[in-house]
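Inside the fold
Each chain, written out:
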Amino acid sequence: GGTKYICSQILFKFSLDSICNISNAQRFYMYGGFNGPDDGSAMKAAKNELIGLSSYYNTRTPNLHFPLMAIIDYRGFRLSAQSILPI
């Protein structure tokens with residue numbers, strides 16, 4: 001979820017809860033459900049994404065390639081930055 005930007009081959013993602021429209025009558029959020037947006041859970045998900053990436057790195061598997069990633073916390077917002085890998 002959250003807004004995504006690409007600048008200088010780096011993907012920047014804001015860790016914000018986003019709407020998953022299942023019907024036009026009610027709003028359903030990815031992390032908060034029908035209760036409204038839950039940006040705190042979106043921030044935790046970004047942290048867990050970094051932890052998962054670190055786990056892949058720690059396996060030391062030959063020829064396993066993954067993007068560089070950093071998490072930036074600034075003034076109550078969490079932003080994740082990932083390098084874009086060539087496919």
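Before reading on, note that the structure itself is shown above.
Predicted model, so just to flag it, every value in this text is computed and none were measured.

Calculation criteria
- Residues numbered from 1 in each chain as written.
- Predicted model: local features only at pLDDT ≥ 70, side-chain atom pairs only at ≥ 80, totals over all residues.
- Heavy atoms only, no water.
- Pairing = 2+ DSSP bridges.
- Helix = DSSP H or I, 4+ residues; strand = E, 2+ residues; numbered from the N terminus.
- Expected span 1.5 Å × (residues − 1).
- Buried < 20%, exposed > 50% of the residue type's maximum accessible area, 1.4 Å probe, protein only.
- Arc of directions from axis to C-beta.
- Contact = heavy atoms within 4.5 Å.

Examining the pairing of strand β2 (residues 10–14)
Note that strand β1 (residues 4–7) and β2 share four bridges and pair antiparallel. Each residue of the ladder has a partner; that of K4, found in β2, is K13. The loop that links β1 with its antiparallel partner β2 comprises two residues; one of these, S8, has a positive phi angle of about 55 degrees. Both β2 and strand β4 (residues 77–83) contribute to a ladder of five bridges, which runs antiparallel. Paired with K13 across the bridge in β4 is S80.

Some points on helix α1 (residues 39–58)
Over its 20 residues, α1 runs 29 Å from end to end, which matches the ideal 28 Å to within 8%, given 1.5 Å per residue. Looking at α1, one finds that the buried residues are A42, A46 and L53. An end-on view of α1 places all buried positions within 50 degrees of arc, on one side of the element. Turned more than 90 degrees off the buried face of α1, the exposed positions are K44 and N58. Turning to α1, the residues buried within the fold contact β3 (69–74) and β4.

Quick look at unusual backbone geometry
A positive phi angle is found at N63, which is not glycine, with a value near 60 degrees. Relative to the elements of secondary structure, N63 occurs in the loop between α1 and β3. With phi around 50 degrees, R75 is a residue other than glycine that occupies positive phi space. Within the secondary structure layout, R75 lies in the loop between β3 and β4. For R75, a relative accessible area of 71% corresponds to the exposed category.

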